[in-house]
Every structure is written in structure tokens, then in C-alpha cells.
Amino acid sequence: MIRVAAVRQWSGIVRELQGSCSPFTPILLQQYSTGSQSKTVYTGSEIINYMGGLDGEKKQLIHKLVNFRMRQGKKTRVRAIFHETLHRLARTDRDGIQLISDALENVKPICEVAKVRIAGNIYDVPGVVDRDRQQTLAVRWVLDAAAKRRTNHSSRLEECLFAEIMDAYRKRGTARKKREVLHGLASTNRSYAHFRWW
């Protein structure tokens, strides 16, 4: 009885994938196909290589999004969440990867503050953020904001991640607010910029 229910469930997934026009459809059909007896294990590299129009920076961004969200080594689960988010973004008639990239550009901080001890006093010293750290902070803030949206696990994580990415794309939301707070703190403490030695 359980096996029959499982077969019906897989058949429904395959029918749904056959009707979609996503760039991931051939790979997902290969994974969920009930006709093949051999189990196919797909990796993020295969999906990224299938999307040939991506440059190295966008590939690195996708890997960073997946790896930052991973908990206890469950990368397959995170990939499923990320793919569902991409399907939701594709329904907005925009390129999903480009939309994520633009959203993170709106969240990237230009400057940040670091605590420095000078003559027994601690000052918040502003400084310019490196390009790699800008992307790292933006990804971290967006993922944390999506996790906080999921207050009592009433909504799915991919829905919260989609909503947070769309908010960041429109220059609003929790992650964008965090950037503005950090820029305001750096502007307030700009008189201590001469304490920066690194």
C-alpha cells in the first residue's frame, strides 16, 4: 500500500515537471523518473553546468548561497530549497539568477565599523569593505532574514527566501535595513577614521 502511494506521488511529480518549462526540467526529470532503475545522484555542479549562460562569479554566488544555508552537511535538502526558490523567481518573468544577483547588489555594504582599543578606550572605526566580504555579508543577511521570517515554522523556507529576495530587489526588507543601519553607524563614527591602521 505504501509502495503504491509512493509510485503515485512520483508520477505526479514527473507529470508536473513535464508541463513546466524550467531550465532544470531535464535534470529533475532524470532524477524523479520512475522508469530508470539506477539511482541518479545529481550535484550542484551538474545543474550549474547545464545553465551555460552563467559566468564564474554567478556560479560562485550559487555555491555560496547553498553552502551558507547548509546545516549538518545536508546539502541535498538545501539544493531542493534553492531550486524551489528559483522556480518561484522564474514565475516573475525575470531571470532568477540575475534577480538574485541584483538583490544582493542592493544589500551589499560599502563600509563597516570595527572596534579598536586606543589608550584604554574602545572606538567604532569605520572602514571600506572588501568585495568578497561584501558578497559574504549580503548572502548571510538575506539568509538570516529569510530564516527569521519563518517565525513558528508556519511557512516554508523557500517562500520566505523568495519574499526576502524580492524585498531586497526592491530595496527594502530586513537585509536592506541592516545595510542602512551599518552605513549610518559608519557615518556617525567617521571622525574616528584616522584610527584605522590595518
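Reading guide: rules and limits
- Residues numbered from 1 in each chain as written.
- Predicted model: local features only at pLDDT ≥ 70, side-chain atom pairs only at ≥ 80, totals over all residues.
- Heavy atoms only, no water.
- Helix = DSSP H or I, 4+ residues; strand = E, 2+ residues; numbered from the N terminus.
- Buried < 20%, exposed > 50% of the residue type's maximum accessible area, 1.4 Å probe, protein only.
- Contact = heavy atoms within 4.5 Å.
- Areas by Shrake-Rupley, 256 points an atom, 1.4 Å probe, with all protein chains shown as cover.
- Phe/Tyr/Trp six-rings, centres within 6.5 Å; stacked < 30°, edge-to-face > 60°.
- Pairing = 2+ DSSP bridges.
- Salt bridge = Lys/Arg side-chain N within 4 Å of Asp/Glu carboxyl O.

### Some thoughts on the overall build of the chain
Per the secondary structure count, the chain includes nine helices and two strands. Sequence-ordered secondary structure for the chain, helices as α and strands as β, is α-α-α-α-α-α-β-β-α-α-α. Here the chain, with 198 residues, has 37% of them falling under the buried criterion. Taking contacts inside the chain between residues at least 6 apart in sequence as the whole, the part at least 24 apart equals 59%. Total accessible area on the chain stands at roughly 12,500 Å², and carbon and sulfur atoms take up 51% of it.

### Here we look at the packing of aromatic side chains
Counted by the stated rule, this structure contains three aromatic pairs. Look at Tyr 123 and Tyr 192: their rings are 4.8 Å apart centre to centre, the planes differ by 50 degrees, and that puts the pair in the tilted class. Remark: Tyr 192 occurs in the segment after helix H9 (174–188) and Tyr 123 occurs in strand S2 (residues 121–128); sequence separation between them is 69 residues. Overall, the relative accessible area of 19% leaves Tyr 123 in the buried class. Here the aromatic cluster, defined as three or more aromatic residues joined through ring pairs, consists of Tyr 123, Tyr 192 and Phe 195.

### Thoughts on the pairing of S2
In terms of strand pairing, strand S1 (residues 111–118) meets S2 through eight bridges, oriented antiparallel. From the neighbouring strand, Val 113 faces S2, where its bridge partner is Pro 126. Between S1 and S2, which pair antiparallel and follow one another directly, the connecting turn spans two residues, one of which, Ala 119, has a positive phi of 55 degrees.

### Focus: the pattern of salt bridges
In the structure shown here, the tally under the stated rule is 11 salt bridges. Glu 57 is the partner of Arg 131 in a salt bridge, and the nearest nitrogen-oxygen pair spans 3.4 Å. Here Arg 131, found in helix H7 (residues 131–149), pairs with Glu 57, found in helix H4 (residues 56–69); they are 74 residues apart in sequence, far enough to count as distant. Among the ionic pairs, Arg 88 bridges to Glu 84, the shortest N-O distance being 3.7 Å. Residue Arg 88 and its partner Glu 84 are located together in helix H5 (residues 75–90), separated by four residues, close to a single helical turn. Given the relative accessible area of 23%, Glu 84 is considered partly exposed. Three or more residues joined by partner-sharing salt bridges are found here, namely Arg 149, Glu 164, Asp 167 and Arg 172.

### Digging into the environment of Phe 195
Here Phe 195 shows up in the segment after H9. For Phe 195, a relative accessible area of 21% gives the class partly exposed. Residues Phe 195 and Ile 118 lie 77 residues apart in sequence; the distance between their C-alpha atoms is 8.1 Å. If we ignore the near neighbours within four places in the chain, the residues touching Phe 195 are Ile 118, Tyr 123 and Val 125.

### Thoughts on unusual backbone geometry
What is expected of a backbone is that most residues other than glycine have negative phi and most peptide bonds are trans. Phi angles above zero are rare outside glycine, and Ala 119 is one such case at about 55 degrees. Structurally, Ala 119 can be placed in the loop between S1 and S2. The phi torsion at Lys 171 lies on the positive side, around 65 degrees, for a residue other than glycine. Structurally, Lys 171 is set in the loop between helix H8 (157–169) and H9.

Distances and angles like these do not, on their own, reveal function.
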